[in-house]
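The chain contents come next:
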Amino acid sequence: MHPIDQARLHLTRREFFGRTATGIGTAALAHLLSRDGLQAAATPAVSGFPGFAPKAKRVIYLFMNGGPTHVDIFDWKPKLKEMHGQPVPDSAISGKRFSTMTGAAGGKLMLAPVEPFKQHGASGATVSALMPYTAAISDELCFIKSMHTDAVNHAPAISFLLSGGQLPGRPSLGAWLSYGLGSEAENLPAFAVMTSVSKGTSCGQIFYDFYWGSGFLPSRHQGVKFRGSRDPVLYLNDPAGVEREMKRDMLDDLAKLNTQKLNDFGDPEIAARIAQYEMSFRMQTSVPELADFSNEPASVLESYGPDVREPGTFAYNCLMARRLIERGSRCVQLMHAGWDQHNSITTELYTQCKDTDRASAALVMDLKQRGLLDDTLVIWGGEFGRTPFIQGNIKERPKWGRDHHPYAFTVWMAGGGVKPGLTYGASDDLGMDAVVDKVHVHDFQATLMHLLGIDHKRLTYRFQGRDFRLTDVFGEVVKGVIA
Amino acid sequence: MAVFSHRNPLLLLAGSTALALSRLTAAEPVNFSREVLPVLSDRCFYCHGPDEKHRKADLRLDDESAAKAVGKNGAAIVPGSPEKSLIVQRMLSKDPDELMPPPEAHKDLTPAQIATLQRWIAEGAPWGKHWAFTPLVRPAVKEPGNPVDALVGATLKRDGLDFSPSADPSTLLRRASLTLTGLPPATEEMAVWLADTSPAAWEKQVDRLLASRAYGERMAWDWMEASRYADSNGYQGDSERTMWPWRDWVVKAFNRNMPWNDFTIWQLAGDLLPNATDEQKLATAFLRNHPINGEGGRIPEENRVDYVFDMTETTGTVWLGLTLNCCRCHDHKFDPLTNRDYYSLTAFFNQTPLTGQSRDGQLPPVLRIPPADEAQRLAELEKSLTEKRQSLETERKAAEARRPAWEQKLLTDAGTTKPDGQPGPDASSAEILRIAPEQRTDKQRKTLTTAWEATEPALATLSKEVGELEKRQKGMGKDGPKVMIMQDRSDVRKTFMLYHGLYNKPGEEVPTALPGFLATLPAEAPRNRLGLAQWIVSKENPLTARVTVNRFWQMLFGTGLVKSSEDFGVQSEFPVHPALLDWLAAEFRESGWNVKQLLRTILTSRTWKQSSRVTPALLERDPFNKLLARGPRFRMPSSMIRDQALAASGLLKPMDGGGPVNPYQPDGIWEETTFGNKKYSRSKGDDLHRRSLYTFWRRIVGPTMFFDTGSRLVCSVKPLRTNTPLHALATTNDITFVEAARALALATADKKEAGARVNAMFERVLGRSATAEQVAVLLSGMERHRQRFAASPDRAVKFLGEGTVVPAEPERTPELAAWTMTALTILNMDETLNLE
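Being a predicted model, the structure only gives us computed values, none of them experimental.

## Some words on the overall build of chain A
Next up, step 1: The helix and strand inventory of chain A stands at 14 helices and 17 strands.
Next up, step 2: Taken over 483 residues, chain A has a buried fraction of 61%.
Next up, step 3: In chain A, 77% of the contacts between residues at least 6 apart in sequence involve partners at least 24 apart.

Structure (C-alpha cells):
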C-alpha cells in the first residue's frame, strides 16, 4: 500500500478507536470497520480507479496450463492438411527458438489437425469437432487468433502472461485488480484461485503459487487458493469437538481483551486484528456455503456436465467461479493443467477437451442467463500454442505430438465489454506466426485492464525505487475487440 | 466512506515529506542528497537519467556538468538563477505540451517540490552524491551516555518531542527475549530479572540472552530468508537437497559471534582462502542456495546463467543494498549502475564448474559432511583390522609347517580317480603343483593358496574376517550429506554482456570488475570472489556497514532506519536519522564487525527501551514511528509465534542441528502440488516440537503453518507483515496451537484457584500477571466453555484427543477442555502475537 493510503487507514482507525473507548461495542466496531472497507477482504480501491467507466467489473480467467494446440482446436489451417507429412519450409522457422525437445526444427514434418473443423453460428467462427459445446456458443465469443508471447517454456510463459514478467516476483493480474479496484466481497477474498488437472494426464506441471502471487504488493492482495479437496481454505474447520458457539464465545472474549489493549495502547493495528478475526469467523460459514451446490437447479448442474459434483474437477471449479463472483469476488483464476501434448495429440488431447469444453461453455451461458455476463469478463486460453509441425514419428500415430510454440496462439473472451461473435487477428497459412493484427501478451493485458476501467499505464506501484505495472513498459489496448 | 471526508489534507502528508518539511527553515540550505536528488530521480531520471538508450531530448539531469551545460536554448540548470533555468521554466509552464514532467507520465511535481528546486538553484545549485554512496564517516557525538540516545534525542528535540517513558520491566524482558532468541522468557528468568536491583541488571539480561544458544537460531532465521535457503530445489520435480549442515554452521557462527567481515568472506569466497578448511568451504553454500531448474526442455546453459544471475543479485541485495536485476537488460534508470557493471559483477560468480543440466540436489561441486563419529569408527575399524591381520599372520606361520605334507598328499591323491571315473577333487591344484614354483603365475599361486587354506579352518575363518573388515574400510567415507559449495575452474571462463539477459545473445566481453561508480579493485587484489568479498568488507565500500546495521535495526524495531532495507539506491527514502545510521555503521565496522556488541548497544539504549504505548497526538504526528519517540510494536514473524506457543506451553524440544523435520501440516499439501510425487510424512515424537528453523522447507510449497515468510525463491531481506483472516484461522484452528493450548492448560493445572491459573498462563506466555479485567473476561469465558463441554462431554474427549500429546481418556474432562479454550484465547491475544 502506498504510505499515504496507509496513513489514511491509520488515521481513520484512530478516529474509530477514539469512539470505541467511549463505549461502542466490539461487534459494532467490527461492523464499522467492515462497512468502511478497512479490512483485508473488503478493501477500498486505489484513489482514482477505475479511471473511466468500466465495461467489466470482474474477471474469470480459465487458464489452460500447458499450451493448448491452437491448430487443432480453433485456428483452422487447410494448408496444414495439404502439407501433412512434408517438411516444414525453412522460411517458416528461420531465426526461431524452439524448446530443446525440438531443438533445430529444420526438416520436421507438418502435421494436419487431427479432427475436422466447421464454421459455426452466425459469426461463422471455425472450431474443431474436439470442442462441440464451445462451437455451439461461438456467437458469444471473441476469438483472438494472433496472440504471441516471448517465452518458450511453461513457468516463464505462464508467469509472463499472468504477471507481465517471466521470472517470479511480480504481482499477478488478480493481485493488481484487488489492489487497484478493491473488493466488493463481504465474506470472501477478492481474488480466488482454483486448480484442476486433466484426468489421466501424463503431464507433470506444477501450479506455482507465484502464478497468483502479489509480488511486491501487500500480500493480502495475493490470490487465495481454494483447495480442490477437504477444506477449500486451510485451517477453516474448528478444532475437533469445538462447536460454533464456543468459537463465537472465544472470539467475543478475544475481542474484549483486544479492545482493552487498543484503548490502553492505541496501536491502530489492533483494530484491524479484531476485524480480521471477525472475518475469519464469517469465512468459516461463507466458504462452506460457497461450496454447497444443493440449491443449484438441476438444469444448471446438468449444463456443466457430470463432473460438476466432484470437487477438484474443472467443471466443479467453473461453478465455484460463478458462485464466487456472485458473492463479490473480483477475480477468479481457474488453472487447468494437462495441455502439454508432446506425444498425445491423438490421445490425451481428446480427454483434455472433453474435461473443459462443456463446463467452459456452460459457465458463459449460466452467467448470461443470470445477467452477469455483461459485466463479467471470461477468458479462455493458455501460455502459448503448439508447433504446426510434429514432435515424434509421423508413422506412429498414437504418439503424435506438438512442441511449445510462442509465435502464434488463440484465446477467446466473452462478456465484459468485448465484441461477441468476432474473430480478431490471424496467423499465417501454417499457423506458424501471428501476422494480422498481432496481439502481444502485454497488449492483451493492457486490453483486459482497459475493459476493467483501468489505464494500464497509470496503475503502478513503487518498489525498489521503480514504478512497476502489469504491462512492464509496453502494451497497447486492442481497440478492435472492444464492444 | 464518510470518515474520510473529515480528513485533514495536511495530515495525509504524514511520512517523510511532512517530517522533512518540518525541518526546513530558511536558515538551513537545501540539502542536495536529501531534498533535490530524490525529486530529480523520481520525476526526471526515467527519461533524463543514466540510461543512455532511453534518454529523451539528449538531456541528462543525473550528471552535474550535463545538467548545467549551456545549449542553444540555455541551460537546464543555471546556478543562482532559477528563472533562467530551463527545468524550472518547463516545470511551471501552463502549456501542456511544454510542461515537465509531461502530464501523461503521471509524475506531477508538488508546488513544495518545485519551490525546493528553485531555492536550491538560487543557492547556487551545489551538486553532491547520493548519501548512501558517500564515504562513511563517524558523526561526532559530544553528549555523554549511549550515542544512540544522543542522536535520536537531538532529532526529537528539533521536532519538539521527547522520549516515551521506559516500558514496564516485564514487557522489556519479553521484548528482548523474543527479539534476540525468538523465545519468551522462562518464568524463572523473569523472576530473576524483576528481583535484580543491581545497577547493571539490564546489561546482565542482554548479555545472558546474547550468550544463549537460542540466539544463533533466532538470527539464523532471517539469514535463511536472505539466502533463499530451502531443503528442495524448486521447479518441476522439486528434488531434495541436503544443505542443512550449512544452516547449522550459520547458527554456530552467530553464537560464537563471528565477526561480520569473516562471516561475509567465508560465505562469498571461503573456498578461495589460502589452505581453505572444510568449514570455510562449507560457508560458501550460501551462494549455492539458489533454486535448480530441472524442467524438461530447458537449455542447460540458460539454467546456469540463471544461477549466476541469482548469486550476483543475492550478493547485491544482501551486502550492497542494490537492486541489480534491472541492469540485466539496460543501464539502471535511477542509480549510476550500468548494464556493463552488472555483467562485470557476474564474472566473479561465472567461474564455478557447475552444470545447468541436472536436477540433482547435490549438484557438484559438493562437500561431504562426514557423520560426527566417522573418524572414531574408522579408527576403531583400523585397529581391529591390524589385530586381525596379525592373528592371521601368526596362524599362517603355524599352518605353513603343515603345508608340505598337504602338497605331498595332494600329488599322491591326484593320481587316483573317483569311482565314477571323474578326476579327483583337487586335480587342478595338483596340476599347478607339478609346475615348478618359480614358473607358476600369480593366479595359479593364489588358487593353490586358497585350496590349501580351505583345509585349514582357523586360517580360512581369519582370512574371511580380514576380507570383510577391508570391505568395510573401503565403504567408509561415503556417508553423510553432501552440501553444494563454490569452487572456481582452473581456467577463466570468459564473461559477456547478454542482450536482455539471454544466454544465447552474448555481446561484448567484460572484465571481472566492481561497479565503476563505487570503486575499482586495487591492483594487487585477486580478480575473483575473494577479491570481491574483501572489497565488500573494506573501508572503501560505503554500503555494507550501512546496509547491515540497517537490517539489524529492522529486526529490533520492525522497520529499518532506511525503510527499503533491500534498496539503498537513489530511489530509496532518505533516512530520518542519517547520523544515527552512519554512527552505527562506523561503530560496527570499527568494533571489528562485532554483531553482539552492536545489538547490545542498541538494546541498552533508552531509545529501544521506550514503551510502545502511543498517544493519539503522537500517532497523528508520526504514524510509522519514524522519529522514534516511542518503542517498537509489531506483529512477530509467524515462525516466532509458533515457537513462542511451543515454548510457553513447555512442548518445545531443543535440537542440536541436523536434518529437517516435518511438524504438523494438514494432509495432502505436498501431494496436491506434486501430483502425488512427494508424500509428506509427519515426524514423530520430539521432532513434532522443534523450533521452526528446523522445519523442512519444500520450495514449491512452503510449510503451511507459517505466513508472511520470504518465498525462499529469491533473496528476501524485508519482512512482510500483513493482517488477514487466514492468519486468524491458522492460529485458532491449527493443531499446533490447539495442542500448545492444551499443554499450557495441563502445565498450569497445579494452580487450584482459577484466577491463579489464568495468571500462571499469562506469566508463561506474556511474562506478567493478568489484569483484573482480563481475569474477569477469561474466567467468565472459561465457565461458559465448561458448561458447554459438560453438556456434551464427548466433545471434550474429542477436543483433547487430537495430536500426540494427549491425556488418557478419563482425564479429558470438560474442565480441562474449557481451560484449553482459555489458553487458546490467550495464545491469540493481540499482545501475544506482537512484540511490544
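## Description of the overall build of chain B
Next up, step 1: Looking only at helices and strands, chain B has 37 helices and eight strands in total.
Next up, step 2: Viewed in the frame of its principal axes, chain B has a C-alpha envelope of about 125 × 80 × 55 Å.
Next up, step 3: For chain B, the proportion of its 836 residues judged to be buried stands at 47%.
Next up, step 4: Long-range contacts, defined here as pairs at least 24 residues apart, represent 69% of the contacts in chain B between residues at least 6 apart.

## A short note on the pairing of strand β4 (residues 141–148) of chain A
All names here are of chain A.
Next up, step 1: In terms of burial, β4 is a largely internal element, eight of the eight residues being buried.
Next up, step 2: Sheet topology note: the β4/strand β11 (residues 409–415) ladder contains five bridges and is antiparallel. From the neighbouring strand, Met 147 faces β11, where its bridge partner is Phe 409.
Next up, step 3: In terms of strand pairing, β4 meets strand β12 (residues 422–424) through three bridges, oriented parallel. Looking at the pairing, Ile 144 lines up with Tyr 424 of β12.

## Concerning the environment of Asn 594 of chain B
All names here are of chain B.
Next up, step 1: Looking at where Asn 594 falls in the secondary structure, it is placed in the loop between α25 (578–590) and α26 (595–603).
Next up, step 2: On the basis of neighbour count, Asn 594 is assigned to the partly exposed category, with 18 C-beta atoms found within 10 Å.
Next up, step 3: Through-space distance from the C-alpha of Asn 594 to that of Met 258 is 7.7 Å; in sequence the pair is 336 residues apart.
Next up, step 4: Apart from residues lying up to four places away in sequence, Asn 594 is in contact with Asn 257 and Pro 259.

## Things to note about the nonpolar core
Next up, step 1: Among the nonpolar cores identified, the biggest contains 320 residues, and Cys 318, Leu 334 and Val 378 of chain A together with Val 483 of chain B are the most heavily contacted of them.
Next up, step 2: Here the element with the most residues in this core is helix α10 (residues 268–290) of chain A; it accounts for 11 residues.
Next up, step 3: Of the residues that make up this core, three or more belong to each of domain 2 (134–211 + 551–633) and domain 3 (732–835) of chain B.
Next up, step 4: By size, the runner-up hydrophobic cluster in this structure holds 21 residues, among which are Cys 47, Leu 61, Ala 67 and Ala 125 of chain B.

## A few points about the domain arrangement of chain B
Next up, step 1: Assigned domains within chain B: domain 1 (30–128), domain 2 (134–211 + 551–633) and domain 3 (732–835).
Next up, step 2: In this structure, domain 1 of chain B and domain 3 of chain B have C-alpha centres spaced 64 Å apart.

## Thoughts on the environment of Met 829 of chain B
Next up, step 1: Among the secondary structure elements, Met 829 of chain B is positioned in the loop between α36 (814–827) and α37 (830–833).
Next up, step 2: Among all residues touching Met 829 of chain B, those that are not within four sequence positions of it are Leu 254, Leu 257 and Asn 258 of chain A.

## Thoughts on the environment of Ser 780 of chain B
Next up, step 1: Structurally, Ser 780 of chain B is set in helix α34 (residues 772–791).
Next up, step 2: In this structure the C-alpha to C-alpha distance between Ser 780 of chain B and Thr 822 of chain B, which are 42 residues apart in sequence, comes to 10.0 Å.

## Things to note about α34 of chain B
Next up, step 1: For α34 of chain B, with 20 residues, the first-to-last C-alpha span of 29 Å sits near the 28 Å given by 1.5 Å per residue.
Next up, step 2: Residues of α34 of chain B that are buried in the fold lie against α9 (244–265) of chain A together with α33 (754–766), α35 (793–799) and α36 of chain B.

## Here's the deal with unusual backbone geometry
Residue and element names in this part refer to chain B.
Next up, step 1: Across the junction of Met 100 and Pro 101, the peptide omega takes the value -10 degrees, indicating a cis bond.
Next up, step 2: As for its placement among the helices and strands, Pro 101 is situated in the loop between α6 (86–92) and α7 (111–122).
Next up, step 3: Positive phi, close to 45 degrees, is recorded for Asp 238, a residue that is not glycine.
Next up, step 4: Note on placement: Asp 238 falls in the loop between α12 (213–226) and α13 (244–255).
Next up, step 5: Residue class for Asp 238 comes out buried when judged on the 26 C-beta atoms lying within 10 Å of it.

## Topic: the packing of helix α12 (residues 314–326) of chain A against helix α13 (residues 348–369) of chain A
All names here are of chain A.
Next up, step 1: Two elements in contact, α12 and α13, have axes whose closest approach is 9 Å; the angle formed by their N-to-C orientations is 15 degrees. Between α12 and α13, the crossing angle belongs to the class labelled roughly parallel. Regarding α12 and α13, the two cross each other, and that crossing is right-handed. Taken together, the residues of α13 that come into contact with α12 (itself represented by Phe 314, Ala 315, Cys 318, Ala 321 and Arg 322) are Asp 355, Thr 356, Ala 359, Ser 360, Ala 362, Leu 363, Asp 366 and Leu 367.

## Observations concerning helix α8 (residues 147–158) of chain B
Residue and element names in this part refer to chain B.
Next up, step 1: Between its first and last C-alpha atoms α8 spans 17 Å; for 12 residues at 1.5 Å apiece the expected length is 16 Å, and the two agree.
Next up, step 2: When α8 is considered as a whole, its buried residues turn out to be Pro 147, Val 148, Asp 149, Ala 150, Leu 151, Val 152 and Thr 155.
Next up, step 3: Looking at the packing, one finds that the buried side of α8 touches α25, α26 and α27 (606–609).

Thresholds applied
- Residues numbered from 1 in each chain as written.
- Chains lettered and ligands numbered in written order.
- Predicted model: local features only at pLDDT ≥ 70, side-chain atom pairs only at ≥ 80, totals over all residues.
- Helix = DSSP H or I, 4+ residues; strand = E, 2+ residues; numbered from the N terminus.
- Buried ≥ 20, exposed ≤ 12 C-beta atoms within 10 Å, placed from the backbone.
- Contact = placed C-beta atoms within 7 Å.
- Pairing = 2+ DSSP bridges.
- Core = buried A, V, L, I, M, F, W, Y, C linked by C-beta atoms within 7 Å.
- Domains from an automatic or database assignment.
- Expected span 1.5 Å × (residues − 1).
- Axes fitted to C-alpha atoms, helices over the stretch in contact; angles between N-to-C directions.
- Parallel < 35°, antiparallel > 145°, perpendicular 65-115°, else oblique.
- Left-handed = near helix turned anticlockwise from the far one by under 90°.

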